[in-house]
Structure formats: C-alpha cells, structure tokens
Amino acid sequence: MNDLSSMLSPEDQGAIFAALGRKPTPLESACFENIWSEHCSYRSTRHLLRTLPTTGPGVILGPGDDAAIVRFSDTISLAVGMESHNHPSYVDPHDGAATGVGGIVRDVLSMGARPIALMDPLYFGNLNEEKNRYLLEHVVAGIGGYGNCIGVPVVRGDLVFDNSYKGNPLVNVVCVGTVSPGRFLTARVKKAGNHLVLIGSRTGRDGLGGASFASRDLSEESEAEDRPSVQIGDPYTEKLLIEAILEMAETGKLLACRDLGAAGLAGASSEMCGELGGEFHADRVHMRETGMNEVEIMLSESQERMLVEVSPSDVNLIGKIAEKYDLMWSDIGKVITEPYYRIYLNGEIVCNLPLDLLVDGAPPCEWVKTPYFPEKPYSPVQMDLKELALNVLSHPEVAGKDWVFTQYDHDVQLRTISIAHDAALLRLGGEMLALSCGCNPRHIYLAPRPGTENTVYENAANLACVGAKPLCIVNCLNFASPMHPDIAWQIEESVLGMGTMARKLETPVVGGNVSLYNESDEFNTTILPTPSIGILGKGDILQHKVPEEGSEIALVGVTGEHFGGSVIDTITGCGGAAPPTVPDVSCLQKIHDYVNSTFVGSVTDLSQGGLLAGLAELTPHARVKLEGDAVTNLFSETYGRFLVAFSNESNLKGLDYQVIGTIDGDSLFIQCGNRSIIINDDERTHAFETLTETLERKK
Amino acid sequence: MRFAVIQFGGSNCDRDTHYVLSDLLNIETDLIWYKERLNRDYDAIILPGGFSYGDYLRAGAIAARTPIMNDIIDHAKKGKLVLGICNGAQICAESGLVPGTFTTNISNLFICKRVSLKVKNNKSPFTKNFNAGEVISLPIAHKEGRFLVDEVKGSGFSEKENVVFTFCDENGDNGNSSNPNGSLHGITGVLSDSGNVLAMMPHPERASELLLGSNEGIKIFTSMRDHIENSKK
C-alpha cells in the first residue's frame, strides 16, 4: 500500500503524531486526510461561518447535520440542504452532476424527510466554445436523468456564463423535503449498544478519496488521472432507498440516519458517532469487488448508501424493509461508550482513534488576506441601441431557459403551480412554497461584500414578486484557493456580506457547503467568487396571470449608472465605475403586499439585462417613455428596482415609483429622449430562443 | 368500484395517480407493491408513470416480465380496464397488451412540457367524456415516448380503431411541428384491439386540477368511472 500519510501536510502529520504518540496506520492516515479536508472540516472557513445568523423562531435544527429543519406550518416541517459537485462535474459532467443530485437528496432523506423539490444553479464557461457546450449539455442531462428517475422535480435554477469557469464549472444543487414536525431524524447516535446498519448499494472501489479530491485544484491531467475518483450514480437504487428509508422512518425504529457522502463510510460513521464512540467491522460491509483492503472499504464513495442506528432487537425488522425494496444491508457495527473510533478487519484492529481528534481536531487554517480594487471606469457604449437591446435579450443569462427546463420533470409529485415567474411556486398544505436560487458572480467580484449582500437581496426580491416572505437561506460558497491573499479576502468579505443581508431580512442561513480551490491549471483560471444561495419562502396561493392590455407600467426604485459586471459589460466591455449599491430592504415588504393585493405576474424584479430584460419579459407589448440617458435607463443593473403592471394606481401607495408606459399594441416601443426602438414579437422570440438554438447547434 | 395502482420499483407517479383517484374523485383505490400480486378483483388497473427498474434494458421491459403482469393480463382478458400512463404505457407495449412500441424520442432528449392532443376516438371507455375531435392540453415527460408500429396489412393495427390521442397544435392540426417526439402520425394514445387497454404517454393525473395548470386530463379517469358504473347497471 502507498504511504498515504504523505498526502497530509507536514504540520498535520506532526499534530497527529503528537496527539497519538505513534505513527498512524494506513487507514488512520486516510481518515485524517479525508475528514480533515476542507470539504469535510471547513478548516479555512469555520470561523467565518460562525458569523452567519443561523437561528430564528422558524429554525428547528440549524447547520451541522445532513440538512436543516425549518418550520413551514403546524403540520409540515421542511428539510433543506445545498451542496456543490464541482470538480467531479468537470471530469465527468454527466455522472458528476448526477451524483451531486443523489448526494443532496440523501442528505434530505437522512432527516426522515421526503424530497419534494430540487434547484440547480450552474456556472459555465462561455457557450461559443464547444467544450463548454458539451459540459452544459452533459451536466443538464445528468441532473435530469437522475432527478427525473427518482421523481423529484427540478423547479428552479440559474445559469451564469463566464470564462473563469471554463476549466472549473460549478454544479450546485438545493434539495427541499417535507417531514412531520417532531418526526425528523438526526445523524447523531443515541445510545451505546445500538447497532449500525449499512443499507443500499454494494461498496466498490469507485470515488476513492473524493473528499480530498474535491479540495484540490484541477490539474491539466485531471481528466485522465482522476477518473477513478468520480462515482457513478444509480438513480433506480436511490429511488428504492428513498422509499425504504421513509418506510423505516415510519416505524419509529430508526434512531439516527446518515448519508454516505464525502469520505464514504469513514466520514459518515465517525461523524455519526459524535459524542459517544463506535466500532465497525469493515469485512462485514457488502462489497461489489473482492480483495478490497480496509482503506478502500472505508473511504469508497460508492453512491446510494445510508447508515442507520437501530436497537439490536429491531435489526431484522429494518432488514426486512430493505429486502422488500431489493436493497442489500449489513449489520456492520455498534455504538460504544468509549469516545473512540475503532475499525476491525477480520478481527484485527486497523484503526483506533480518539473521535474528537478525528472529527474536530483539524487545526484551523489562517490565510493572509489582501483587499483588491478592480474598478474599471465606464467608457460609453457606442453600439446601436436596437442592436444592443437584441444582444442583451439573446445573452444566455437573459434568454429563455426552455432548453434546460424541458429536460427536467418539473411536474412530478403534483405540487408545481408555476415555474414561469421570478420564483418557482409549489403548493404545500394549502399554502405556497416559493423557491429562488443563484448569485451574480461578476458583481460580487467587483465588490465582494456589497455584491453578496445584493445577491441575497435579489433572491429575496424574487420571493417578494410572487407574494412570498423568506423562511431560510442555504448556500454553496464556491471560491478559488484561499492561499491567494486576494481570494482569502474575497471569501471573508462575501461571507460577511451574506450575513449582513440575512440579518437585515431576518432570515437565517441554515446550511450549505464550502467548495474552495476552484482553479484550473489547464487554463490558468480562478473562478469568480460564487457564493451561490438557495432561498425558501412562504406565501398564500395567489392567482397568477399575465397583465391585461391597457394596464399601466410603473418602474419602482431609482436607476443609477451601474454597468460594471452587467450584461452589457460582458457584451461591450464597457466596464463601470462603481458596482451596484445595496438597496434598502423596506421596499420588499411593500412589493410583497402589492402582489398580495393583485396577482402573481404583475411584478418582476430587475436584475441581469436591466429594465429592457424586464420589459421584454413582463410587458412585451407596450409603449414606454423614459427620460435621460437611454443606455443607463435600459441596461443599468441597479438593485432594488421592480417593474409593475397595474390597473389601479391606489394599490401602488407607499411605493417609490414613476409611471413609464402602457400595455398596448403588438410590439415593444421604447422612447428615451430623442432615441427610440421597436422590438417586435419575432425579434423578441428569436432573441429569447438563442440559448436553445445554440445548444441545438442551429446558431 | 375499486381501482388499483401498481407500484414497481422505480414507479414515481404512483402516489400522484392514487391521489387523483382517491382524493379528487373519491374512488376506492389500492396502491399495490408489485411483489404482492393481485389478491382480489379490481374494476380498473393503472400502471403509473416513472422509471420501473430505472429504465434499464428498455423502458418497461423488465417490469413487463414480472409475475404481477400475468395477473394484469388475466384481468384484461376478462375485458376489464387497464390504463398505462407514460412508463405504464411502455410496460403495456412491452407486455403485448397494446400494439406497437415506444422508443427513444427523435431529439434523444427527455422532454417535459405541456402539449396539445386531439381526441381521435371518443367511443373508448377512457374517452367517453370528451367530444369527438376535441383538443386538450396535457403534459408529457419522457425520453422514450416515440410510438412506432408496423402498419403492414394483417399486423392487427388500425389507425382508425387503435388510436385515441394524437399530438396536434392548439387548433387541432396535426403536423411535424406539433409532434414533440417523432411518433408515427403523432400517435400518443393507443388502444388494445379489444378496446379495454389504453397506453398513453401524456400524464392525465398532472392535468386534473386547474391550480396546476389544467383539469382536462381528469376526464380520462371520470370516463373510466362512468364506463364501469354503466356496465354494472
């Protein structure tokens, strides 16, 4: 066997030797290497994550378990988690993305919750390169193939394109589940003497060392070298596992439950045993291959496996339910009182570690932080206004996403009211669950703290536009390597900005993950800062429709000159003196109230593509008159602005607005000072179909 | 009156279909795990959508060879109703309950969207409550839904007798642009020769409440209910 301890830093090796008073065994080294990785232990970011607000009246279980539990109503609690599967999705986009879905679904399942919805914010290099189109195509097929098969609808997503992602695309997935209040499970073992039963797929050599793989940057040879690190998903087994675990949970005999994800059985079993201790027999694990050694068995990241705690008298009952679903199971260990993590192979001890050292002992990493100031002054855009408008509408972040969402079964489980508005709308127990996700990395790069504040604000604004109020936030903190001082600063600023806006919105951040080292040696790129979030909201089920002809159009909020990182900046390279400022949150309540007094579809918030994108989306047939600079009016991406179609002006009371036009005619006519443009249906449709046509190779 | 919805490993519209029948229509409906077999008589059996056996081998191929299918074929031989939806339709075709086969969409992609359908036959037990030629909107969600059948003489397939639904545009016109998956003549709902088995790719259970976008699909279930009630009189 290789000397795996060489993959630990000399400092870590020293700390381990000092604590144990001996050289670790090969399995012990492998456990440290994986469980002390950033992916599992948050050693670079733990102190920062502590600054986020994580509590609130609706939070039943905050960060720390597989997923968080949040109150939705008297009869329904939500389980929610968010995870990245970035590195595997570059090496093998289909399977990497598919297993990303599988992993977060099992996180929610391990809380005893039925998974009911998925969201997938995705970040890729520009689509003019074949490789990036290939990656997007296969990631979407992987997410769809897995989500469709297990019958969990993907109802929302986000797509961002920037060449900083070309060697390192990001695949983030949010999963939401439901569970009866007081019936949720946790991953902490309850009592010494109880058995630990492994259920699901057989263990093979796939995905070895995935946790440490995920915490490395991608080297040029990564595709060839790392392929064995990518796991292959089996959604059919996952579906059986969902039904089996829920049936087991229903019996009340599952005392704790944990998904096997990063660092495989070693990660799950050591963290599960927490304050007590555990001993396991690696040779009792049901295996797919012969001759696997203890490191391979314990660190394998074979998918679709769960570990559950049951009392000794219930082992057979649980086993029978597994067999009903044709799932294999093995009784592999038990909870002990000594605070030790002990693994046997054929009766011999191959790992014997103090649990606190393994699970909580990773020394925190401190990185040097240096601020950066990337401002590039705005140089006026020379492009013809109409050409610019059509370029904005056909930009893949603004254009229609039909090509993506028609590949996802978004209707299964009969909750989806609409995926057409600013947030996805699901009915849940007579009320409405609203979901939004994503972030704006270009803005965040320019000013990480206000940029991240704005990203949280924008997602909350999406909820307000469908008449919902936020319940909680989950995140994936995707960044480059914190070993670069400017990145270390960027991470800190982003997390602080997220916390600031979450506090202003009184919305707790209940979970998520951290994905660092998103860099590519192949292209010499580091990703833009991508603190991607998912937000869950609640509201009443409202009527939703398109605004009627004759309605007037109001612009809420004040437009500034915010071009840096905007869609027109990506098209023209115009730059921008200052990134968008952070708006006052009080407007969200007023928008929420307005939507509740009218209907969903009467308001949209303005984000990528500015006012023009909003008009083309909400009021494609209208006459609009604006004052001042046309480029600023139409394309600036100032936050805190909304487009409202109204028929009764008294409903707008309290909002800071100006009336800019009327829904009328059969095209979009915009006059601004002495400049005017007309965009007819064909032009708009053609522009909006660009993403589909690009991916169908028609453009 | 009693319906059964069969659950195979990988079925994922079983609970949705059960909800529409029992909660919206108050029809007594059992969810039956395929290993349990059919232990009593039912008036109608529904094979729901999903990915039985993960669609491994071919969609519906493995489920079609499970022992419970013998019970369902016996049930159909008595002239009782069987409705196969999406993966259930693929199972019906794989087990020979209906003519033809469902193969991979011409785009090679999974397609989930609302489509218009033309009711070509409103005399069947599944479509009595529709008007002849009526255009309805139902969602599809499949990757292997392209219906193909051998049209040679003597194959037993007749476009007039066996076809219940075809894809069309909003005005009811059939044509390639309204055919999302490349099915022969846009066929997406096919009857057995004896008329008591319907295999359809669109999901009527997803079009059973206005809140979720359409309630035009529920008429398939009410047609079945009314047909059974009338035949019991």
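Residues numbered from 1 in each chain as written. Chains lettered and ligands numbered in written order. Predicted model: local features only at pLDDT ≥ 70, side-chain atom pairs only at ≥ 80, totals over all residues. Heavy atoms only, no water.

**Things to note about the overall build of chain A**
The condition is simple: Numbering goes from the N terminus for both helices and strands, where a helix is a DSSP run of H or I of at least four residues and a strand is a run of E of at least two. Radius of gyration: C-alpha atoms only; globule rule: 2.2 Å multiplied by the number of residues to the exponent 0.38. For the exposure calls, accessible area comes from a 1.4 Å probe over protein chains only, and a residue counts as buried if that area is under 20% of its type's maximum, exposed if over 50%, partly exposed in between. The criterion used for residue contact is that any of the two residues' heavy atoms lie within 4.5 Å.
Along its length, chain A carries 25 helices and 28 strands. Taking 27 Å as the expected radius of gyration for a compact globule of 699 residues, we find that chain A reaches 26 Å, a close match to that expectation. Its C-alpha atoms give chain A principal-axis dimensions of about 85 × 50 × 45 Å. Classification of the 699 residues of chain A by burial places 66% in the buried group. Considering only contacts in chain A between residues 6 or more positions apart, those separated by 24 or more positions represent 85%.

**Some words on the interface of chain A and chain B**
By a frequent convention, interface size equals the accessible area lost on bringing the separate parts together. Heads up, the rule is: When two parts are put together, the accessible area they lose, computed with a 1.4 Å probe and summed over both, is reported as buried area. Just to be clear on terms, a salt bridge is a Lys or Arg side-chain nitrogen sitting within 4 Å of an Asp or Glu carboxyl oxygen. Throughout this description, a polar contact denotes any pair of N or O atoms lying within 3.5 Å of each other; where both atoms belong to protein, one of them has to be capable of donating a hydrogen while the other can accept it, and for residues adjacent in sequence the pair is counted only when both atoms sit in side chains.
Between chain A and chain B, the residue contacts involve 30 residues of the former and 28 residues of the latter. In total, chain A and chain B occlude about 2,400 Å² of area from one another, counting both sides; carbon and sulfur atoms represent 59% of this. Among the residues chain A hides against chain B, the three largest losses belong to Tyr236, Leu414 and Arg427 of chain A. Together they make up 27% of the total. Of the charged contacts, one joins Asp409 of chain A and Arg206 of chain B as a salt bridge, the two residues approaching to 2.9 Å between their closest N and O atoms. Where chain A meets chain B, there are 11 residue pairs in polar contact (both at pLDDT 80 or more).

**Let's talk about the packing of aromatic side chains**
Spelled out, the test is: Side-chain rings of Phe, Tyr and Trp, where Trp is taken by its six-membered ring, are said to pair if the distance between their centres is within 6.5 Å; with planes under 30 degrees apart they count as stacked, over 60 as edge-to-face, and otherwise as tilted. Here, a charge over a ring is recorded when the distance from Lys NZ or Arg CZ to the ring centre is within 6 Å and its angle to the ring normal is within 35 degrees.
Per the counting criterion, the structure on display carries 15 aromatic pairs over all chains. An angle of 45° between the planes, with centres 5.6 Å apart, marks the rings of Tyr123 of chain A and Tyr165 of chain A as tilted. Note that Tyr123 of chain A is positioned in strand β4 (residues 114-124) and Tyr165 of chain A in the loop between β5 (154-161) and β6 (170-179), a separation of 42 residues in sequence. An aromatic cluster is built from Tyr236 and Tyr325 of chain A together with Phe8, Trp33, Tyr34, Tyr53 and Tyr56 of chain B, whose rings are joined through pairwise contacts. When the ring centre of Trp33 of chain B is taken as reference, the NZ or CZ atom of Lys324 of chain A above it lies at 5.6 Å.

**Observations regarding the sheet that holds strand β14 (residues 416-418) of chain A**
Residues and elements named next belong to chain A. Test applied: Strands pair, by our definition, only if DSSP identifies at least two bridges between them. The axes are straight lines fitted to the C-alpha atoms, using for helices just the contacting stretch, and the angles between their N-to-C directions are given from 0 to 180°.
The strand order across the open sheet built from six strands is β14-β15-β16-β21-β17-β18, with neighbouring strands paired in mixed fashion. Sheet topology places β14 and β18 (509-515) at the edges, where each strand pairs with a single neighbour. Put simply, the sheet's adjacent strands are angled 25° from each other on average, direction ignored. On top of the sheet, helix α18 (residues 448-465) reaches β16 (431-438), β17 (469-478) and β21 (530-539); it is set at about 25° to β21, its chief contact.

**Focus: the sheet that holds strand β13 (residues 348-354) of chain A**
Residues and elements named next belong to chain A. The strand order across the open sheet formed by seven strands is β8-β10-β7-β11-β9-β12-β13, and the pairing between neighbours is mixed. Strand pairing shows two members of the sheet lacking a second neighbour, β8 (256-259) and β13, which therefore form its edges. Direction aside, neighbouring strands of the sheet carry axes that sit 20° apart on average. Pairing of β8 with strand β10 (residues 305-310) involves four bridges; the strand directions are antiparallel. Its bridge partner being in β10, Cys257 is matched across the sheet by Val308. Here helix α13 (residues 315-324) sits on the sheet in contact with β7 (195-200), β10 and β11 (329-336), set at roughly 145° to β11.

**Remarks on the packing of α18 of chain A against helix α19 (residues 485-504) of chain A**
Residue and element names in this part refer to chain A. Spelled out, the test is: Small angles under 35 degrees read as roughly parallel and large ones over 145 as roughly antiparallel, with 65 to 115 read as roughly perpendicular and the rest as oblique. With the far helix as reference, a near helix turned anticlockwise by less than a right angle produces a left-handed crossing, and one turned clockwise produces a right-handed crossing. Ten residues, namely Ala, Val, Leu, Ile, Met, Phe, Trp, Tyr, Cys and Pro, are considered nonpolar, four, namely Asp, Glu, Lys and Arg, are considered charged, and the remaining ones, Gly among them, are considered polar.
One can describe the packing of α18 onto α19 by two numbers: an axis separation of 7 Å at closest approach and a directional angle of 40°. When the axis of α18 is compared with that of α19, the two are oblique. Two packed elements cross with a definite hand, and for α18 against α19 that hand is right-handed. Contact with α18, carried on its side by Pro448, Arg449, Thr452, Glu453, Val456 and Tyr457, involves Trp489, Gln490, Glu493, Ser494, Leu496, Gly497, Met498, Thr500, Met501, Ala502 and Lys504 of α19 and no other residues of that element. In terms of residue class, the contact of α18 with α19 is built from eight nonpolar, five polar and four charged.

**Quick look at unusual backbone geometry**
Residues and elements named next belong to chain A. Its identity is not glycine, yet Ala263 carries a phi of approximately 65°, on the positive side. The phi dihedral of Asn346 is positive, around 50°, even though this residue is not glycine. Here Asn346 is to be found in the loop between β12 (340-345) and β13.

**Quick notes on the nonpolar core**
Defined as follows: What is meant by a nonpolar core is a set of buried Ala, Val, Leu, Ile, Met, Phe, Trp, Tyr and Cys residues, joined one to another through side-chain atoms within 4.5 Å. Each domain's extent was defined by an automatic or database domain assignment.
Core analysis: the largest hydrophobic core is formed by 178 residues, its most contacted members being Ile199, Ile245 and Phe642 of chain A together with Ile6, Ile72, Leu83 and Phe221 of chain B. Looking at this core element by element, the count peaks at nine residues for helix α10 (residues 235-250) of chain A. Here this core spans two domains, since at least three of its residues come from each of domain 1 (1-35 + 185-362) and domain 2 (377-408 + 543-699) of chain A. Counting residues in hydrophobic clusters, the runner-up holds 42 residues, among them Leu196, Leu265, Ile332 and Tyr341 of chain A.

**Focus on the pattern of salt bridges**
Residues and elements named next belong to chain A. In total, this model carries 36 salt bridges over all chains according to the counting rule given. The closest approach of N and O atoms between Asp66 and Arg258, which form a salt bridge, is 3.8 Å. Of the two residues, Asp66 is situated in the loop between β1 (59-61) and β2 (68-71) and Arg258 in strand β8; the sequence distance between them amounts to 192 residues. A salt bridge links Arg684 to Asp681, with the shortest nitrogen-to-oxygen separation between them at 2.8 Å. A residue pair is termed a helical-turn pair when its members lie 3 or 4 positions apart in one helix, as Arg684 and Asp681 do in helix α24 (residues 681-688) at three residues. Overall, Asp681 belongs to the partly exposed group, its relative accessible area being 28%.

**So, the side chain of Ser37 of chain A**
Relative to the assigned elements, Ser37 of chain A resides in the loop between α2 (26-35) and α3 (38-41). Under the relative-accessibility criterion, Ser37 of chain A is labelled buried at 6%.

**What about the domain arrangement of chain A?**
Looking at chain A, the domain boundaries give domain 1 (1-35 + 185-362) and domain 2 (377-408 + 543-699). When each unit is reduced to the centre of its C-alpha atoms, the spacing between domain 1 of chain A and domain 2 of chain A is 50 Å.

**Digging into helix α22 (residues 610-618) of chain A**
Across the nine residues of α22 of chain A, eight count as buried, placing the element largely inside the fold. Among all positions of α22 of chain A, only Gly610, Leu611, Leu612, Ala613, Gly614, Leu615, Ala616 and Leu618 of chain A are buried.

**Observations concerning helix α11 (residues 264-273) of chain A**
Across the 10 residues that make up α11 of chain A, a large majority, 10, are buried. At the C-terminal side of α11 of chain A, Gly274 of chain A shows a positive phi close to 30°.

**Let's talk about the pairing of β21 of chain A**
Residue and element names in this part refer to chain A. Most of β21 sits inside the fold, with nine of its 10 residues counted as buried. Relative to β21, β16 runs antiparallel, the two being bridged by seven bridges. Within the sheet, the bridge partner assigned to Cys437 lies in β21 and is Gly534. Pairing of β17 with β21, which is carried by nine bridges, proceeds in the antiparallel orientation. Its bridge partner lying in β21, Cys476 is registered against Ser532.

**Some thoughts on the environment of His443 of chain A**
All names here are of chain A. Summarising the element assignment, His443 is placed in helix α17 (residues 441-446). On a C-alpha basis, the gap between His443 and Tyr408 in space is 29 Å, while along the polypeptide they are 35 residues apart. When residues no more than four places from it in sequence are discounted, the contact partners of His443 are Gly451, Gly564, Gly565, Ser566, Pro580, Glu637 and Tyr639. In this structure the side chain of His443 is engaged in a polar contact, spanning 3.5 Å, whose partner is the backbone oxygen of Gly564.

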